[in-house]
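Structural overview for review
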Amino acid sequence: MADIHSPVIDLLQSKNIAFEVIEIPLSEDSKPIRDLEALLSAKGLDPTSVVRSVVFKADSGKYTLLAVAGGGRADWGMLRKHLDERKLRMAEYDEVPEATGYVVGAVPPIALPETLRVLVDKSVRNYQAVVIGSGVLGYAIALKGQDLLALLAGADEGEFSKF
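Presented here is a report on the structure given in the accompanying data block. (Residues numbered from 1 in each chain as written. Predicted model: local features only at pLDDT ≥ 70, side-chain atom pairs only at ≥ 80, totals over all residues. Heavy atoms only, no water.)

Proximity of charged atoms lets side chains of opposite charge pair with each other. Per the counting criterion, the structure on display carries 5 salt bridges. Among the ionic pairs, R89 bridges to E92, the shortest N-O distance being 3.9 Å. On the accessibility criterion, R89 (33% relative accessible area) is partly exposed. One salt bridge in this structure joins R117 and D156, with 2.7 Å as the shortest N-O distance. One end of the pair, R117, is in strand β6 (residues 117-121); the other, D156, is in strand β9 (residues 156-158), and 39 residues separate them in sequence. Residue classification places D156 among the partly exposed positions, given a relative accessible area of 25%. Members of the salt-bridge network, linked through shared partners, are K57, R89, E92 and E95. (Salt bridge = Lys/Arg side-chain N within 4 Å of Asp/Glu carboxyl O. Buried < 20%, exposed > 50% of the residue type's maximum accessible area, 1.4 Å probe, protein only. Helix = DSSP H or I, 4+ residues; strand = E, 2+ residues; numbered from the N terminus.)

Among all positions in helix α1 (residues 7-14), only V8, I9 and L12 are buried. Seen from one end, α1 has its buried residues packed into an arc of 95°, which puts them on one side. Lining the buried residues of α1 we find β1 (19-23), β7 (129-133), β8 (139-144) and α5 (145-151). Positioned one or two residues after α1, N16 has a phi angle of 55°, which is positive. (Arc of directions from axis to C-beta. Contact = heavy atoms within 4.5 Å.)

What follows is about the packing of aromatic side chains. On inspection of all chains with the given rule, the structure shows 1 aromatic pair. Ring geometry for F56 versus W76: centroids 5.1 Å apart, planes at 90°, classification edge-to-face. Pair noted here: F56 is in strand β2 (residues 51-58) and W76 is in helix α3 (residues 76-83), with a separation of 20 residues, a long-range link. Looking at F56, the relative accessible area reads 1%, which means it is buried. You can call W76 partly exposed: its relative accessible area is 31%. (Phe/Tyr/Trp six-rings, centres within 6.5 Å; stacked < 30°, edge-to-face > 60°.)

Another aspect to go through is the side chain of T64. Here T64 is to be found in strand β3 (residues 63-69). Not counting residues within four places of it along the chain, the set of residues in contact with T64 comprises V54, V55, F56, L83, L116, R117 and L119.

Once that is clear, we can look at unusual backbone geometry. Unusually for a residue other than glycine, D84 sits at a positive phi of about 55°. Looking at the element boundaries, D84 is found in the loop between α3 and β5 (88-90).

Moving on to the sheet that holds β3. Spatially, β5-β2-β3-β6-β9 is the arrangement adopted by the 5 strands of the open sheet, whose pairing is mixed. Each edge of the open sheet carries a strand with a single partner, namely β5 and β9. Direction aside, the axes of adjacent strands within the sheet are offset by 30° on average. Relative to β5, β2 is paired through 3 bridges, and the arrangement is antiparallel. The residue of β5 that forms the bridge with A58 is L88. With respect to the sheet, α3 is in contact with β2, β3, β5, β6 and β9, its orientation differing from that of β5 by roughly 125°. (Pairing = 2+ DSSP bridges. Axes fitted to C-alpha atoms, helices over the stretch in contact; angles between N-to-C directions.)

Just distances and angles here, no functional claims.
Dropping the structure here:
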């Protein structure tokens, strides 16, 4: 296992949750490879099991993170309605670290600031094993879906995406 440190790993270890660190090769411009799904397939993991952490900013200035699996796209109408916000947009690249404490490409759905509202799409329930951001660019974490859902128990769960 790669020797990386992040609040995500600290949280998983403190809860005695089993996980595997997956190294994601970075491109020459220090960005994660584009074809994460192919890498996961080569490691025997379901390429659709990635739980993406998508950060939104409302006109009110509040940030929200949506955890969605299986390649679903955010349902803007459902999100605005659930959050009771008239306008919502994706957070800008430089706003993501401000809202989450992590850089784009490493954002997990757990171990986040308490001020960040987290929504969990029901798609996350479709996977026995999931892959999430580790908090460190170039690495992801595989764990049981039920363990992730237990850690997200305080988040709102609903149908927030379209497939």
